[in-house]
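Chain by chain, the residues run as shown.
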Amino acid sequence: SLAFDQAAEFFAEALELGAHDDATRRGLRIELATALMHAGRGPEAAATFVTAAQGAEPAVRLDCQRQAAEQWIITGHLQQGMAALRASLDDIDEPTAASPRRALARVLWNRAWLRARGTRSVQRLESQVPVETLRRLDVLRAVAHGLAMIDNIRGADFNGRYLLLALRTGEVRRLVGALATEVVFLASQGGRAGRQARRLFGELAELAQACTDRPYARTWMLLADGAASFFEGRFAAAAAALAQAEEVFAEGPRGLTYEKNNTRVFRVHALRMLGAVQQHGALITELVRTGRQRGDRYLETTLRLLQVQSLLARGAVEEAGRNVDEVAWTPPEDGYHLQHWYELRARVELALYQGDAAAALARLDRDFTALRRSMLLRVKLVRADAAYLRGRLVLAAAHAGHAPAHGRAEVARIVAQLDGEQVGYATVFARLLRAGLGADAGVDPVRELRQAVAVAAEHDMAIQRAAAQTRLAELCGGAEGAALRADVARYVADHGIVEPERFFAIAAPGRAR
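Everything numeric here is computed off the predicted structure, so don't read it as measured data.

Draft legend 1. Fine view of the packing of helix α25 (residues 462–476) against helix α26 (residues 478–495). Following both chains from N to C, one finds α25 and α26 inclined at 150°, their axes separated by 8 Å at the closest point. When the interaxial angle is binned, α25 and α26 end up roughly antiparallel. In this structure, α25 crosses over α26, and the sense of that crossing is left-handed. From α25, A462, I463, R465, A466, Q469, T470, L472, A473 and C476 reach across to α26, where they touch G478, E480, G481, L484, R485, D487, V488 and Y491. Among the residues forming the contact of α25 with α26, the class breakdown is nine nonpolar, four polar and four charged.

Encoded structure:
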């Protein structure tokens, strides 16, 4: 981005020092805004686009407003971004769904229509498509991408509209982005939708061959593959694909703030599930600094909430608490976003580490209710992780003497729910929770923990594996217990975990009995 930073300085100086007529000044502002956008300085770019839009002819004004809206929203400045996006949608007479349930209905309708028509398309060059159609596509893309990692259902609604119009239009570059985004949305639901995602990914691979912007097409291929692998529970494959996407970015494609941000966030998610604590923490530290320097509230807020795991691994409890308390996002009453889920998970894991489960259970009751009422639980991995989170908190509170009978009954229901997901990571979660119920509940904790170790190893879930080994060593003793403790000690040393007992209590609360 250094070259674009230098270009931005050049255009800023030209504006400041030169005596220009209105048209020239507007052109320089658009060049400045574009350079800032390509440099990843979204909020500055947005403000400059807004200034350039003032007094411009309708086509230029609409394009500047759309680009300002996109830059604001993908960098987490939701109030300005949503207001500008609504104005852009009004300009193209595109309605917004009145509620998340209405948005869901549109998602289902769009997907039914996509299944009926298929992905047939007559490919065209951008120059062959009417300007008004390109403008409509770009507005729909801005809304879909802006909402995708914030408000999943509304983002999916607009991407469905974007994809169907892109298919009718046939402009290949936009079609690649629309189809790849649909792959990610479908993969997030698992089951039949997940299988459809992989079929679409095959069609995306063929389409990408026809895209003349090869770095752009390769970026989207790797991002879609990495995100789909993550939702499938293939975390090592996800991390590898997303790391490859980062290498493509290093080759210098222009702009792509949305693609870069979400590649990096998905990579952080994958490393978190892999238990690659040190790599996870180092990557987040670097990206938080980058987000803060560029005014990217989305990147900074999201990653500070995801950083809590690696901070607790090195015993930085106060810093972890500050991360949760200091981040600023819109209140849940304005829509329940992924960032609200990340905050809830961070607060629960902090409470588990500190042995504060009973108080947290009462304190966070409204947050769990808001999550249950949201549409986020349509995402299979979020649904399973949320059940596991609730189960861990209830189990730890029960072990501390808080409504033990009621708590164990709730955990048993959660275990049954997780078993019903029929995916490896949910099986690991279920076995750890069931082992925590103990022999008093008619459970054989040794059998459950052995299964947890085996399945966690199969799916590269190192934290859950080490937590299960720790609990199993307490029960087995002897040579087997010593071997388990030695294996855990290697993981602890490799990842710099300061207080292993407290850290593993996050994944497997309470001593197995």
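Next, the rest of the story.
Draft legend 2. The packing of aromatic side chains, seen in detail. This model, assessed by the stated rule, comprises 11 aromatic pairs. Arranged with centres 6.1 Å apart and planes meeting at 35°, the rings of W220 and Y258 form a pair that is tilted. Note that W220 is positioned in helix α11 (residues 214–231) and Y258 in helix α13 (residues 257–274), a separation of 38 residues in sequence. In terms of burial, W220 and Y258 fall into one category: buried. Judged by centre distance (6.1 Å) and plane angle (45°), the rings of F235 and Y425 are tilted. Of this pair, F235 sits in helix α12 (residues 235–250) while Y425 sits in helix α23 (residues 424–437); the two residues are 190 residues apart in sequence, bridging distant segments of the chain.

Draft legend 3. Quick look at a positive patch on the surface. There is a patch of like positive charges on the surface, built from R115, R192, R195 and R199. Considering every element that reaches the positive patch, the biggest residue donor is helix α10 (residues 191–209), with three residues. Looking at where R115 falls in the secondary structure, it is placed in helix α6 (residues 100–117).

Draft legend 4. Inspection of the environment of W341 at higher detail. Here W341 is to be found in helix α18 (residues 338–354). For W341, a relative accessible area of 2% corresponds to the buried category. Residues in contact with W341, not counting those within four places in the same chain, are Y336, L371, L376, V382, D385, A386 and L389.

Draft legend 5. View of the packing of α18 against helix α27 (residues 500–507). Following both chains from N to C, one finds α18 and α27 inclined at 135°, their axes separated by 8 Å at the closest point. Relative to α27, α18 is oriented oblique. For the crossing formed where α18 meets α27, the hand is right-handed. Facing α18, whose interface residues are E349, L352, Y353 and Q354, α27 presents R502, F503, A505 and I506. Looking at the contact of α18 with α27 residue by residue, the class counts come to five nonpolar, one polar and two charged.

Rules and cut-offs
- Residues numbered from 1 in each chain as written.
- Predicted model: local features only at pLDDT ≥ 70, side-chain atom pairs only at ≥ 80, totals over all residues.
- Heavy atoms only, no water.
- Axes fitted to C-alpha atoms, helices over the stretch in contact; angles between N-to-C directions.
- Helix = DSSP H or I, 4+ residues; strand = E, 2+ residues; numbered from the N terminus.
- Parallel < 35°, antiparallel > 145°, perpendicular 65-115°, else oblique.
- Left-handed = near helix turned anticlockwise from the far one by under 90°.
- Contact = heavy atoms within 4.5 Å.
- Nonpolar A, V, L, I, M, F, W, Y, C, P; charged D, E, K, R; others polar.
- Phe/Tyr/Trp six-rings, centres within 6.5 Å; stacked < 30°, edge-to-face > 60°.
- Buried < 20%, exposed > 50% of the residue type's maximum accessible area, 1.4 Å probe, protein only.
- Patch = residues over 30% accessible without salt bridge, like charges linked within 9 Å, V, L, I, M, F, W, Y side chains within 5 Å.
- Areas by Shrake-Rupley, 256 points an atom, 1.4 Å probe, with all protein chains shown as cover.
- Salt bridge = Lys/Arg side-chain N within 4 Å of Asp/Glu carboxyl O.
- Lys, Arg positive; Asp, Glu negative; His and termini not counted.
- Charge placed at Lys NZ, Arg CZ, Asp CG, Glu CD.

These values are about where atoms sit, not about what they do.
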